[in-house]
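For reference, the chains in residue letters:
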Amino acid sequence: MNTTIYYFSGTGNCLKVAKDLSEQLEDAKIVKISNKNMSYLKDTQSDAIGFVFPVYFLGIPAMLKSFIENLQINNDAYIFAIATYGGSIGAPFKEIRTLLQSKNIELSAEFAMMMPGNYQVLYPPVSPEEQTKLFKNEQEQIKSIASAVKASQHVTYKVSALINAFSKPLYSIFFKPKEKDKYFWTDEQCNGCGICSQVCPANNIIIKEGKPTWTHQCEACLACLQWCPQASIQYKKSTVNRGRYHHPEIELKEFLEREIE
Ligand SMILES: Cc1cc2nc3c(=O)[nH]c(=O)nc-3n(C[C@H](O)[C@H](O)[C@H](O)COP(=O)(O)O)c2cc1C
């Protein structure tokens, strides 16, 4: 079975999951979702298609939504989705199901994977001990997801009726990603290296007079803040004394690769 796994990732959790899963499947490739590949409009070759994404405010990243909306897929492809999340999953699959239904396509399988939470605007990174536990669990869960995908199994992730009802309103109220970048600033440690601009999946950052400038196309993924080697990017005052996180097994080089050929 020929599988394509599309992933969106700010700090590497989803890249790691996509990569690990592709290694368990026989004929699988992984493709990054970023501003540079939004013209990737057609995938009628893959027998199976997966979307791996982080939960954002109990829903899905805006760029993933546009990507799915634009993508032409075969009706008989086996479609699965893996949501990585830090603690409260919400109802992201409901959104994906709705997006696919408008194309008469079914979401066949839904998987949720708890990973270290990366929204350091609100909380510190999880401890190294907790990370180790989550990564061990990820390794186990990947095996069962791979078995389910190989067997084209139907899997539904159950969420309570309450969460289903309220996730969407919460998401709409709190998640205004494009406006979020007005709160980023750099402290005196910034040396204008430009890594923030390179890691941004939305191509939202330009380096002007040696400093990053955000151009209001933000996805709020925090890649800029989390990958800055100087930890000089801040969000309001909340991140000033906070640690940073990106998946320890994902190198910057690998994170930057995987644009569509
Ligand atoms: C803007 C934003 C919103 C988030 N919202 C949620 C959320 O509602 N629930 C949750 O459990 N985790 C939330 N998270 C945490 C991420 O879903 C989680 O850490 C994910 O694994 C990150 O994947 P990545 O490293 O591939 O970007 C949020 C993270 C960000 C940056």
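For clarity, every value in this text was computed on a predicted model and none was experimentally measured. (Residues numbered from 1 in each chain as written. Predicted model: local features only at pLDDT ≥ 70, side-chain atom pairs only at ≥ 80, totals over all residues. Heavy atoms only, no water.)

A. The arrangement of the overall build of the chain in detail. Secondary structure assignment for the chain yields nine helices and eleven strands. Counting only C-alpha atoms, the chain reaches 55 × 35 × 35 Å along its principal axes. Within the chain, the proportion of its 261 residues that are buried is 51%. Summed over its atoms, the accessible surface of the chain is roughly 12,100 Å², and 51% of this surface lies on carbon and sulfur atoms. (Helix = DSSP H or I, 4+ residues; strand = E, 2+ residues; numbered from the N terminus. Buried < 20%, exposed > 50% of the residue type's maximum accessible area, 1.4 Å probe, protein only. Areas by Shrake-Rupley, 256 points an atom, 1.4 Å probe, with all protein chains shown as cover.)

B. Quick peek at the domain arrangement of the chain. For the chain, the assigned domains read domain 1 (2-173) and domain 2 (177-255). If you average the C-alpha positions of domain 1 and of domain 2, the two centres end up 23 Å apart. On the domain 2 side, the residues contacting the 30 residues of domain 1 number 25 residues. The tally of links from domain 1 across to domain 2 stands at two salt bridges. One salt bridge connects Lys 19 with Glu 254, and the closest N-O pair in it is separated by 3.1 Å. Counting across the interface, domain 1 meets domain 2 through 15 residue pairs in polar contact (both at pLDDT 80 or more). The set of elements that each furnish at least two residues to the side of domain 1 that touches domain 2 consists of helix 1 (13-24), helix 2 (62-70) and helix 4 (128-150). Counting residues per element, the side of domain 1 that touches domain 2 draws most heavily on helix 1, at four residues. The class makeup of the residues in the side of domain 1 that touches domain 2 is 17 nonpolar, ten polar and three charged. (Domains from an automatic or database assignment. Contact = heavy atoms within 4.5 Å. Salt bridge = Lys/Arg side-chain N within 4 Å of Asp/Glu carboxyl O. Polar contact = N/O pair within 3.5 Å; in protein donor to acceptor, adjacent residues only side chain to side chain. Nonpolar A, V, L, I, M, F, W, Y, C, P; charged D, E, K, R; others polar.)

C. Focus on the site of the ligand. Every one of the 25 residues lining the ligand counts as a neighbour, but Ser 9, Thr 11, Val 55, Thr 84 and Ser 88 are closest to it. Backbone polar atom of Gly 10 to an oxygen atom of the ligand: 2.7 Å apart, as the coordinates give it. Between Gly 12 and the ligand, the recorded distance is 3.2 Å, taken from a backbone N or O atom to an oxygen atom. For the ligand, whose unbound accessible area comes to 650 Å², protein coverage reaches 96%. (Near = heavy atom within 4 Å.)

D. Structural context of the sheet that holds strand 6 (residues 78-85). Read from one edge to the other, the open sheet built from five strands follows the order 2-1-4-6-7, with strand pairing classed as parallel. Each edge of the open sheet is held by one strand with a lone partner, namely strand 2 (27-32) and strand 7 (109-114). Averaged over all pairs of adjacent strands, the angle between their axes in this sheet comes to 20°, without regard to strand direction. Across six bridges, the pairing between strand 6 and strand 7 is parallel. Within the sheet, the bridge partner assigned to Ile 82 lies in strand 7 and is Phe 111. Running over the sheet, helix 3 (residues 92-101) touches strand 4 (48-54), strand 6 and strand 7 and is turned about 150° from strand 6. (Pairing = 2+ DSSP bridges. Axes fitted to C-alpha atoms, helices over the stretch in contact; angles between N-to-C directions.)

E. Spatial organisation of the environment of Asp 181. Tracing the backbone through its elements, the reader meets Asp 181 in the loop between helix 6 (177-180) and strand 8 (184-186). The class of Asp 181 is buried, set by a relative accessible area of 2%. In the structure, Asp 181 is positioned 46 residues away from Phe 135 in sequence and 30 Å away in space, judged by C-alpha atoms. Apart from the residues lying within four places of it in its own chain, the contact partners of Asp 181 are Asn 204, Trp 214, Thr 215, His 216, Gln 217 and Cys 218.

F. Local environment of the pairing of strand 4. Of all seven residues in strand 4, seven are buried; the element is thus mostly enclosed. Residues of strand 4 alternate between two faces, with Ala 48, Gly 50, Val 52 and Pro 54 on one and Ile 49, Phe 51 and Phe 53 on the opposite face, all of them buried. Two strands pair when backbone bridges link them, and strand 1 (residues 2-7) and strand 4 are joined in this way by five bridges, in the parallel orientation. What sits directly across from Tyr 6, in strand 4, is Phe 51. Looking at chain direction, strand 4 and strand 6 are connected through seven bridges and run parallel. Of the residues in strand 6, the one forming a bridge with Val 52 is Ile 82.

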